[in-house]
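# A structural walkthrough
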Amino acid sequence: MWRSSHVSGGNVHYVEALYEQYLADPESVPDEWRSYFDQLPRPEGSPSHDVPLSPVRDQFYQLGRENRPGRVVAAADSGENKKQVKVLQLINAYRFRGHQKANIDPLGLRNPTPVPDLDLSFHQLSKADLDTEFQTGSFFLGIDKAPLRDIVDALERTYCRSIGCEIMHIVDTEEKRWLQRRFESVRSAPEFSADVRKHVLERLTAAEGLENYLASKYPGTKRFGLEGGETFVPMMDELIQRAGGYGTKEVVIGMAHRGRLNLLVNILGKNPTDLIDEFDGKKVIERGSGDVKYHQGFSSNVMSPGGEVHLAMSFNPSHLEIVAPVVVGSVRARQDRRNDEEGNKVLPINVHGDAAFAGQGVVMETFQMSQTRAYKTGGTVHIVINNQVGFTTSHPLDARSTEYCTDIAKMVQAPIFHVNGDDPDAVLHATQVALDYRQQFKKDVVIDLVCYRRRGHNEADEPSGTQPMMYAKIKDHPSSRSLYVKRLVEEGVISEESAKAMIETYRNDLVEGNHVANALVQEPNESLFVDWTPYLGHEWSGNADTTFDMKRLQQLAARMCEVPDGVEVQRQVAKIYEDRRKMQAGGLALNWGFAETLAYATLLEQGHPIRITGQDVGRGTFSHRHAVVHNQKDGSTYVPLQNMADGQPRFTIHDSILSEEAVLAFEYGYSTTAPKDLVIWEAQFGDFFNGAQVVVDQFISSGETKWGRVCGLTMLLPHGYEGQGPEHSSARLERFLQMCAEHNMQVCVPTTPAQIYHLLRRQVIRPLRKPLVVMTPKSLLRHKEAVSSLEDLAHGKFHMVIADQAELAPAKVTRVVLCAGKVYYDLAAWRADNERHDTAILRLEQLYPFPKEELLEALKDYTNVDDIVWCQEEPLNQGAWYSSQHHMRTVADMLKDGLGRDLKFAGRPASAAPAAGYMSVHTEQQRQLVEDAFNL
Ligand code: AMP
């Protein structure tokens, strides 16, 4: 063919156009051309779309030049052939840009950009061609050839009615084909049976009925009503039922405020009476602060064609999008529990608002996680309830720079379906395709439910003040339900009377306090979810039996140091493993990395799965862990803790994406779903958690009191003043301590390998589940004094206070220095150098809950103490001083002689930055604060 006249001379432009067509979509050109183009040279490994046109074009021109004058060129570029190409281009244009012309806005306010590519004239076609038959190429019309009129009609119906499809950004041809087929073969409007449509109407009636009921009973009360977006309810009903049909056992839902109450009552089956109680302001939980009704989560089971499905709607704060990674984390935990690696059994559905979806960075982070090893779940179904107005007063011109609020999803090539909320049939179709796509390809998918907000941001708002045009339109716009009833009556599917009767039935159920979610299972199968009872109702206690049989401990220690033959270990890593072997054999004191790893080994042995993620966790920021050994020969990895014993629990360790916010939220979601597991997030440097501050504030510190959801998440935050400057010194201990109350979390600063060992073990051995924030060391990882023995591990425990280690005569002690963390070693060294036998140094290894009893115990023998000094490396306004001094004073006041003692401060002066940027300043400050501890 290359030598044939088709590609030479005067046909160059024709072939070039055809080739362009092929590059955009190889399937859209006739088979013979495709196989020809397939043979053309292209850059290595490049997908056909990305092939630069010029080299190929040059070949065409070259051939053209080679044509000798007088040589006869066959008229292969007959007018008809050219037009055929143009028709294929037109088809492609609809696929690419049809969504821009689609009727997706129920209010008709969208000013669609003109799309010239969809005009016949743009493709040098005209009305005169409408009756000419053309090949349909890869367009799923059902026939190979059709008059242009029919082709255009089918394209218009498929791409420019109530669904705007964005799928052409997907590179994978199979996926793209699959999606095109789903829409094109039915012109985006499959025929649903009368029963299906009646059911949709019934759910739509429920959605509208609930809002009407609440509006009349509680006018002006905030409920973030769904009015204008009611089709969301039949959509969720379909999603859950269809997922159940696929064999899904659990669905976890992250939900925006708007429509939340509706979903709770009409889909999850919350008893309307309970909701009414909340509207009446009744306190519905015994302990804790509780939360407003539109933040509440809920769990229930519903029946589906595939059996019972457990539904869990996450509790969430006002910070809208942050719940999305929490949901995904919860889903991953459930999938791990079910050994559901594909993601077939548990489905995440995240519901978003348009403005938050476009505006909040955590959305991007969550998409970025979606296909990674640590965080994938087989795809999330995203639904945007797009009321086109944002939060209170926002206009699209202010809300985003992208065309659609969903554009961020294109970064992972998720298909996006914009669908008109006033067309429930179209919504149903988009929903089905979305779920089927997720099941088939195990990737995220987005439905943009374009609707409106009949009332203000909440029911107390007057929206016309800021959106006069939109609200003038909304005032006269019939509800989605009325429009659907009209359509169904016109099509003879239902009578006016039976449509009215639906309203009555629903309202009666509400008034009588009946459940109104039609598939609710009254006696749920509890095996579908975790039994939390062993972990609930425990009062705070810092004690746990974390001892371990010495012989078995040694065996585990030996096993965790084994690396099979054939794995070539890098030199420094080999040295770490070699040292660990010596530690196991008693030839070397134990260091941090050894003790930490052995804590994991023992917990695995005792049946606790472990999950560790964060930046560089496999190696450890400071190279102390090396839990993942990289084979120098082939780059493969070996994880000793995954090879401890047959049938051992899961040990998962993954370097995270470079995010803190979504990653920490994910781990919060995971740990609040997996009570048996040790779940750890480690920051590269402690202060990096401030990129995830929202997760600490709104979930970790307060989730239990607000929602009664306990959480055993562990955060490892490297902390310590070592002259590395303002950003790498402090894990902002003060922020955590400031949030501590009601035993909500534990903040610990362990200073020895045995302490981290017992602390990690205590975290899961005790049935109590509380977040654990650990200020972890940097230089202490290798400090020659910061060592322990196997004895300490086998028979010790986590000491909340460590008594003085020097052999002082208690009666001679006149000063006690209290401290936490690495500064202890500086203080001890200074004391030894200066022979100050009058000063005892006590370490507070747990700062919250404050170990009052243990501190009193450690102080009891010092009967001649004049003063107590709190020494910290952090500046005066940071660290533990402001938040914890009242605890220390209480203890000082409780000393047995009843004499109140002064509590003094030794530390850095108050500072706006966490630490000095110059080593010389750091060193001088450190020297001074240590000296002050003794001499103030
Ligand atoms: P879920 O599967 O999330 O719907 O949870 C099922 C049930 O387990 C809930 O209704 C709660 O009673 C309980 N539960 C789940 N997670 C927690 C948690 N983090 N803390 C306390 N109870 C929980």
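Owing to the predicted nature of the structure, the values given are computational and were not obtained by experimental measurement.

### What to know about the overall build of the protein
A tally of helices and strands in the protein yields 31 helices and 24 strands. Projecting the C-alpha coordinates of the protein onto the three principal axes gives extents of approximately 110 × 80 × 50 Å. Counting all 936 residues of the protein, 59% fall into the buried class. Side-chain charges of the protein comprise 102 positive and 125 negative groups, with the mean position of each set lying 1 Å from the other.

### Some words on the site of the ligand
Contacts to the ligand come from Ser299, His310, Ala312, Arg334, Phe529, Trp532, Leu536, Thr672, Gly708, Arg709 and Val710. Within the side chain of Ser299, an N or O atom sits 2.4 Å from an oxygen atom of the ligand. The separation between a nitrogen atom of the ligand and a polar main-chain atom of Val710 is 2.8 Å. Taking 470 Å² as the accessible area of the ligand by itself, protein coverage stands at 80%.

### Some remarks on unusual backbone geometry
A cis amide bond links Tyr848 with the next residue in sequence, Pro849, at an omega value of -15°. Checked against the element boundaries, Pro849 lands in the loop between strand 22 (846-848) and helix 29 (852-859). For Arg187, which is not a glycine, the phi torsion comes out positive at approximately 50°. In this fold, Arg187 is placed in the loop between helix 6 (173-184) and helix 7 (194-217). Arg187 gets classed as buried once you look at its relative accessible area, which sits at 17%. Within the chain, His626 stands out as a residue other than glycine whose phi angle is a positive 45°. If you trace the backbone, His626 turns up in the loop between strand 11 (610-614) and strand 12 (629-630). For His626, a relative accessible area of 11% corresponds to the buried category.

### Some details on the packing of helix 22 (residues 661-671) against helix 23 (residues 693-700)
Where helix 22 contacts helix 23, the axes come no closer than 8 Å and their chain directions differ by 25°. One finds that helix 22 runs roughly parallel with respect to helix 23. Contacts between helix 22 and helix 23 pair Glu661, Leu664, Ala665 and Tyr668 from the former with Val694, Val695, Val696, Phe699 and Ile700 from the latter. Within the contact of helix 22 with helix 23, the residues separate by chemical class into 8 nonpolar, no polar and 1 charged.

### Examining the sheet that holds strand 11
Across the sheet, 7 strands lie side by side as 14-11-15-16-18-17-22; this open sheet has mixed pairing. Since the sheet does not close on itself, it has two edges, and those belong to strand 14 (651-655) and strand 22, each with one partner. Between one strand axis and the next, the sheet turns through 20° on average, direction left out of account. Bridging between strand 17 (residues 746-748) and strand 22 involves 2 bridges; their strand directions are antiparallel. Bridge pairing in strand 22 links Cys748 to Gln846. Contacts from helix 21 (residues 592-605) reach strand 11, strand 14, strand 15 (678-682) and strand 16 (714-718), with the element oriented near 145° to strand 11. Of the strands in this sheet, strand 11, strand 15 and strand 16 touch helix 22, which is tilted by about 170° from strand 15.

### Some thoughts on the nonpolar core
By size, the foremost hydrophobic cluster in this structure holds 83 residues, and its most contacted members are Phe232, Ile253, Ile383 and Phe417. In terms of residues, this core owes the most to one element, helix 15 (residues 424-441), which gives 8 residues. The next biggest cluster of nonpolar side chains, apart from the first, holds 77 residues, and it includes Val773, Val813, Ala820 and Phe905.

### Details of the confidence of the model for the protein
With 93% of its residues at a pLDDT of 70 or more, the protein shows a mean pLDDT of 91. Note that pLDDT drops below 50 for residues 1-10; the model gives that stretch 30 contacts with residues more than four away or on any other chain.

### So, the packing of helix 7 against helix 18 (residues 496-511)
When two helices pack together, you describe them by how their axes are tilted relative to each other and by the distance separating the axes. Close contact between helix 7 and helix 18 brings their axes to 9 Å; oriented N to C, the two are set at 50°. On the basis of the axis angle, helix 7 is oblique to helix 18. In this structure, the crossing between helix 7 and helix 18 has a hand that is right-handed. Along its contact with helix 7, which presents Lys198, Leu201, Glu202, Thr205, Ala206, Gly209, Leu210, Tyr213 and Ser216, the element helix 18 presents Ala499, Met502, Ile503, Tyr506, Arg507, Leu510 and Val511.

### Looking at the pairing of strand 9 (residues 416-420)
With 5 of its 5 residues buried, strand 9 lies for the most part within the structure. Neither face of strand 9 is exposed, since Ile416, His418 and Asn420 on one face and Phe417 and Val419 on the opposite face are all buried. Sheet analysis places strand 3 (residues 163-166) next to strand 9, joined by 4 bridges and oriented antiparallel. The residue bridging Ile163 from the neighbouring strand is Val419, located in strand 9. Direction of pairing for strand 9 relative to strand 10 (residues 445-450): parallel, over a ladder of 5 bridges.

### Focus: the packing of aromatic side chains
Across all of its chains, the model carries 17 aromatic pairs by this definition. Taken together, the ring pairs connect Phe315, Tyr668, Phe699 and Trp707 into an aromatic cluster. The side chain of Arg580 reaches across the aromatic face of Tyr577, ending 5.3 Å from its centre. Note that Arg843 overlies the ring of Tyr824, its terminal NZ or CZ placed 3.5 Å from the centroid.

### Some details on the UniProt feature "domain: Transketolase-like pyrimidine-binding" (unreviewed entry) in the protein
Cross-referencing UniProt, the feature "domain: Transketolase-like pyrimidine-binding" (unreviewed entry) maps to residues 590-783 in the present numbering. Counted over residues 590-783, helix gives 29% and strand 16%. Its end C-alpha atoms are 11 Å apart.

### Topic: the side chain of Arg762
Tracing the backbone through its elements, the reader meets Arg762 in helix 26 (residues 753-765). We note that Arg762 is buried and unpaired, the nearest opposite charge coming from Glu854 at a distance of 7.8 Å. Separated by 2.8 Å, the side chains of Arg762 and Gln846 make a polar contact. If we ignore the near neighbours within four places in the chain, the residues touching Arg762 are Trp540, Gly542, Ala544, Thr546, Gln746, Cys748, Phe798, Met800 and Gln846.

### Structural notes on helix 26
Here helix 26 contains 13 residues, and its C-alpha end-to-end distance of 18 Å stays within 8% of the 18 Å for a straight helix at 1.5 Å per residue. For helix 26, a buried count of 12 out of 13 residues is recorded, marking the element as mostly surrounded by other parts of the structure. Listed in full, the buried residues belonging to helix 26 are Pro753, Ala754, Gln755, Ile756, Tyr757, His758, Leu759, Leu760, Arg761, Arg762, Gln763 and Val764.

Scoring rules and cut-offs
- Residues numbered from 1 in each chain as written.
- Predicted model: local features only at pLDDT ≥ 70, side-chain atom pairs only at ≥ 80, totals over all residues.
- Heavy atoms only, no water.
- Helix = DSSP H or I, 4+ residues; strand = E, 2+ residues; numbered from the N terminus.
- Buried < 20%, exposed > 50% of the residue type's maximum accessible area, 1.4 Å probe, protein only.
- Lys, Arg positive; Asp, Glu negative; His and termini not counted.
- Charge placed at Lys NZ, Arg CZ, Asp CG, Glu CD.
- Near = heavy atom within 4 Å.
- Polar contact = N/O pair within 3.5 Å; in protein donor to acceptor, adjacent residues only side chain to side chain.
- Areas by Shrake-Rupley, 256 points an atom, 1.4 Å probe, with all protein chains shown as cover.
- Axes fitted to C-alpha atoms, helices over the stretch in contact; angles between N-to-C directions.
- Parallel < 35°, antiparallel > 145°, perpendicular 65-115°, else oblique.
- Contact = heavy atoms within 4.5 Å.
- Nonpolar A, V, L, I, M, F, W, Y, C, P; charged D, E, K, R; others polar.
- Pairing = 2+ DSSP bridges.
- Core = buried A, V, L, I, M, F, W, Y, C linked by side-chain atoms within 4.5 Å.
- pLDDT = per-residue confidence, 0-100.
- Left-handed = near helix turned anticlockwise from the far one by under 90°.
- Phe/Tyr/Trp six-rings, centres within 6.5 Å; stacked < 30°, edge-to-face > 60°.
- Lys NZ or Arg CZ within 6 Å of the ring centre and 35° of its normal.
- UniProt positions renumbered as here; feature names shortened; annotations may be inferred.
- Salt bridge = Lys/Arg side-chain N within 4 Å of Asp/Glu carboxyl O.
- Expected span 1.5 Å × (residues − 1).

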